[in-house]
Amino acid sequence: MKRQFYYLLAGICLLAATSCSKEVLDNGPLPSADNHPAMEQELLGLVNSHRLSLGYAPLEFSAVAYEYANQHTDYMIAKGSLSHDNFSARASGISKEVNAEYVAENVARDYSQAMQAFESWLDSPSHRKTVEGDFSHTAVSVKQDPSGNFYYTQLFFR
């Protein structure tokens, strides 16, 4: 029997069956920006503290999700805009590598502090649903473009 995966994108259910491909722009591989590990840890802490306050289990860090989150953050920086482009490829790749059933993603841009990005996700019903969703693992990538704009990608799965 063929296994089907359901992917959540900011609280919206999508059925996807695509292969994973490395994201590239028309002019070649993506440039890589530097991560902000302190902000990544802070945001992960905020998400887990919020989940614990509601009686939900905290999310475990996933190195696999972190790799995909970093690739997508680089993609958004190269594109210069916020997007969920190629989400089904990220979700499929994560599913194949860790046997995940559900994958979801939140993205943000232009918040200079982790708390601001977190609060914006909680203010959005679909993003809040993802933060509070039935997931076991996560990773968050925070990077800054050359102009000083921050980009965030958080992936969730179970």
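Check the entry above for the structure.
Predicted, not measured: the structure shown is a model, and the values here were computed from it. (Residues numbered from 1 in each chain as written. Predicted model: local features only at pLDDT ≥ 70, side-chain atom pairs only at ≥ 80, totals over all residues. Heavy atoms only, no water.)

## Concerning the packing of helix α2 (residues 63-79) against helix α3 (residues 87-98)
Part 1: Two elements in contact, α2 and α3, have axes whose closest approach is 10 Å; the angle formed by their N-to-C orientations is 160°. Put simply, α2 runs roughly antiparallel to α3. In the crossing of α2 with α3, the sense of the turn from one axis to the other is right-handed. Residues V64, A65, Y68 and H72 of α2 lie in contact with α3, whose contacting residues are R90, G93, I94, E97 and V98. (Axes fitted to C-alpha atoms, helices over the stretch in contact; angles between N-to-C directions. Helix = DSSP H or I, 4+ residues; strand = E, 2+ residues; numbered from the N terminus. Parallel < 35°, antiparallel > 145°, perpendicular 65-115°, else oblique. Left-handed = near helix turned anticlockwise from the far one by under 90°. Contact = heavy atoms within 4.5 Å.)

## Description of the packing of aromatic side chains
Part 1: Applying the stated rule across the entire model yields two aromatic pairs.
Part 2: Arranged with centres 5.6 Å apart and planes meeting at 55°, the rings of F61 and Y66 form a pair that is tilted.
Part 3: Note on F61: relative accessible area 45%, which makes it partly exposed.
Part 4: With a centroid separation of 5.6 Å and an interplanar angle of 45°, the aromatic rings of F135 and F156 are classed as tilted. (Phe/Tyr/Trp six-rings, centres within 6.5 Å; stacked < 30°, edge-to-face > 60°. Buried < 20%, exposed > 50% of the residue type's maximum accessible area, 1.4 Å probe, protein only.)

## Thoughts on the nonpolar core
Part 1: Counting residues in hydrophobic clusters, the biggest one holds 20 residues, and the most contacted among them are L43, F118, W121, V131, V142, Y152 and F156.
Part 2: The contacts of V142, once residues within four sequence positions are left out, are D34, N35, H36, M39, E40, F150, Y151 and Y152.
Part 3: In this structure, A69, F87, V103 and L155 belong to the second largest nonpolar core, which totals 11 residues. (Core = buried A, V, L, I, M, F, W, Y, C linked by side-chain atoms within 4.5 Å.)

## Regarding the environment of A117
Part 1: Of note, A117 is situated in helix α4 (residues 114-123).
Part 2: Separated by 33 residues in the primary sequence, A117 and F150 place their C-alpha atoms 9.8 Å from one another.
Part 3: In this structure, A117 is in contact with A108, Y111 and Y152, ignoring residues within four places of it in sequence.

## Quick notes on the pairing of strand β8 (residues 150-157)
Part 1: Where burial is concerned, most of β8 is hidden: eight out of the eight residues are buried.
Part 2: Here β8 shows two buried faces, one formed by F150, Y152, Q154 and F156 and the other by Y151, T153, L155 and F157.
Part 3: Pairing geometry for strand β6 (residues 102-109) and β8, over seven bridges, is antiparallel. In the strand pairing of β8, R109 is matched with Y151.
Part 4: Bridge count between strand β7 (residues 137-144) and β8: eight bridges; the pairing is antiparallel. Its bridge partner lying in β8, K143 is registered against Y151. (Pairing = 2+ DSSP bridges.)

## Describing the pattern of salt bridges
Part 1: By the definition in use, this model includes six salt bridges.
Part 2: The shortest N-O distance in the salt bridge between K143 and D74 comes to 2.8 Å. Of this pair, K143 sits in strand β7 while D74 sits in helix α2, and the two are 69 residues apart along the sequence.
Part 3: With relative accessibility at 9%, the residue D74 sits in the buried group.
Part 4: A salt bridge links D110 to R109, with the shortest nitrogen-to-oxygen separation between them at 3.4 Å. (Salt bridge = Lys/Arg side-chain N within 4 Å of Asp/Glu carboxyl O.)

## Examining unusual backbone geometry
Part 1: Although it is not a glycine, N86 sits at a positive phi angle of roughly 65°.
Part 2: Turning to its location among the elements, N86 is positioned in the loop between α2 and α3.
Part 3: Overall, the relative accessible area of 37% leaves N86 in the partly exposed class.
Part 4: Positive phi outside glycine occurs at D110, with the angle close to 75°.
Part 5: Tracing the chain through its elements places D110 in the loop between β6 and α4.
Part 6: Of the residues examined, D110 reaches a relative accessible area of 46% and is grouped as partly exposed.

Distances and angles like these do not, on their own, reveal function.
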